[in-house]
Amino acid sequence: MITFILADLRRFWSGALAVVVLIALSVALSVTVTLQERAVRHGSARAAEKFDLLVGAAGSETQLALSAVFLQPAPLPLMDGAVLSRLANDPRVHLAAPVGFGDSAYGHPIVGTTTGLISSLSPTLSQGAMFAHLGEAVVGSDVALSTGAEVKPMHGTAEAGGETHTAIAYKITGRMAPTGTAWDRAILVPIRAVWQLHGMHGGEYHDHDGDEADAHGAANPEQDRHEGHEHGHIDADAPLDEHFDAETPGVPAVLVKPKTIADAYRLRQEYRTGTTLGVFPAEVLTRLYATLGDARSLLLAIALGTQAIVIAAIVLVTIMHIGSRRRQIGALRALGTPVRSIVMLVWGELFILFAAGIALGIAFGYLAALTISARLAASTAVRLPVGFVFDDLWLVGGFAAVAAIISVVPAVSALRSSPATALRA
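Not measured: the values here are computed from a predicted model.

Chemist: Help me out: how do you make sense of empty space enclosed by the protein in this one?
Modeler: It is a probe the size of a water molecule, rolled over the atoms, that shows where empty space is left. According to the stated counting rule, one finds two cavities of 30 Å³ or more in the structure shown. Space inside the largest cavity adds up to approximately 70 Å³. Contributing to the lining of the largest cavity are K50, F51, D52, L53, L95, A97, L117, S120, L255, V256 and K257. Looking at the lining of the largest cavity, the elements that each hand over two or more residues are β2 (93–105), α5 (115–121) and β10 (253–258). Tallying contributions element by element places β10 first for the lining of the largest cavity, with three residues. Class assignment for the residues of the lining of the largest cavity results in seven nonpolar, one polar and three charged. For the second largest cavity, the full set of lining residues is T113, F131, L134, P190, I191, R192, L240, D241 and E242.

Shown next as structure tokens:
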């Protein structure tokens, strides 16, 4: 019987191929949506798990998490530097690392921070050594710059028409090991170098002319362009100073690693005031996942609708195909071929097409998800793991069950007329 089915499929290979491709494309859409949504959830969760608590100025929790954890450029209000001092000296805090944004180089964000945060992200460097002076930098694993190279910071980005700073050129001293986070694409420099470069001094957040610093802790680049000057000379060989006191300049965010879970909850509650905001990145991501889940449900509904339309069209085409073979089926019945054999013959032919389309669709969907994840990882440095899990067997089993049931329709329709009627057709 299998030989007969395969011979029949070879006879109508072009139509069979079209059916398989249509089924494959509809299944691939569902598989891609399922795998990609899971990859985004798992990848972002892994990226955020290195950051226990964020403290910033009162504002948007989502924007604070996206900017501080995923390094997405956006204006953040500055928080009083005294908050950093209190956190750094709090006995409940294992690590309090400030971050300062605003500059970039070669398309990579330059982030001002401390050696403590770098050690937390990458306990051992893959190359070189930690920065020890204001004019030194450590790069993420995905930054295509070698140790010893010099980096001139640009205020903002080249696309936004940013101006290159001339007061300092950072020398790369080391490279972090891969972390699977957005920080793999970052250039990390001493936070005090960022403050000095942008004219930020303790107590008040003003530049050298008294102009208010922008939300990233960097002064207005338009004024720099028109006035044609920098904020002042920076001693690149000055030793590192990571002691913070009440006169510390303002920062957009502080990444905090509490000593215990209980300390984390107490600190979050303590810094949820009218001027500061304490958030768990994981909680912010949970809310984003809920939104992502709604989008996934919508896309899956569209995919299922598409599959229903494709299946209906295939069934109609198959019934028409069966109608054109009524004489052949009538001859088989007249020769005494058992009814169940004829049903299995028609059912098997259609089910093979469905099975081939489902298998091809799963492969297409997997490759599409891999491609999308690779592109997202290239732009964000966040690793998005694409893979199947045990629960996906239910999805595959559902596809197979529907295919088996749908294939019965044309098989039954083949028996509606008697052999004599079929032979006279």
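Let us keep going from here.
Chemist: What is the right way to read the nonpolar core from this model?
Modeler: As a rule of thumb, soluble globular proteins bury nonpolar side chains together. One finds L54, V99, V111, L117, W183 and L255 to be the most contacted residues of the largest nonpolar core, which totals 53 residues. The greatest single-element share of this core, amounting to ten residues, is contributed by helix α2 (residues 13–48). With near-sequence residues (within four places) excluded, W183 lies in contact with F51, A68, V69, L71, V99, V111, L117, L121, G140, M176, L188 and L255.

Chemist: For this particular structure, what's the right way to read the environment of L66?
Modeler: As for its position among the elements, L66 is in helix α3 (residues 61–70). For the pair L66 and P281, spaced 215 residues apart in sequence, the C-alpha to C-alpha distance is 8.7 Å. Each residue touching L66, except ones within four places of it in the same chain, is listed here: L71, Q72 and L288.

Definitions and limits used
- In this convention, every chain numbers its residues from 1, walking through the sequence in written order.
- This being a predicted model, a pLDDT of at least 70 is required before a residue's local features are given, and a value of 80 or more before pairs of side-chain atoms are given or counted; all residues contribute to the totals for chains, interfaces and linings.
- Side-chain numbers here rest on the full set of heavy atoms in the structure, without hydrogens or water.
- Definitions used for this entry: grid spacing 1 Å over protein atoms alone; cavity, a set of points where a 1.4 Å probe fits but cannot get out; pocket, an open set with protein on both sides within 12 Å along at least 5 of 7 lines; lining residue, one with an atom within 4 Å of a point.
- Grid points are joined across faces, edges and corners, and a volume is the space filled by probe spheres set on the points.
- By definition, any uninterrupted DSSP run of H or I lasting at least four residues is a helix, any uninterrupted run of E lasting at least two residues is a strand, and each is numbered from the N terminus.
- Residues are sorted three ways: Asp, Glu, Lys and Arg are charged, Ala, Val, Leu, Ile, Met, Phe, Trp, Tyr, Cys and Pro are nonpolar, and all the rest, Gly among them, are polar.
- By nonpolar core we mean a set of buried residues, namely Ala, Val, Leu, Ile, Met, Phe, Trp, Tyr and Cys, connected to one another through side-chain atoms within 4.5 Å.
- Only protein chains enter the accessibility calculation, which uses a 1.4 Å probe; a residue whose area is less than 20% of its type maximum is buried, one above 50% is exposed, and one in between is partly exposed.
- By the convention used here, residues are in contact when the closest approach between their heavy atoms is within 4.5 Å.

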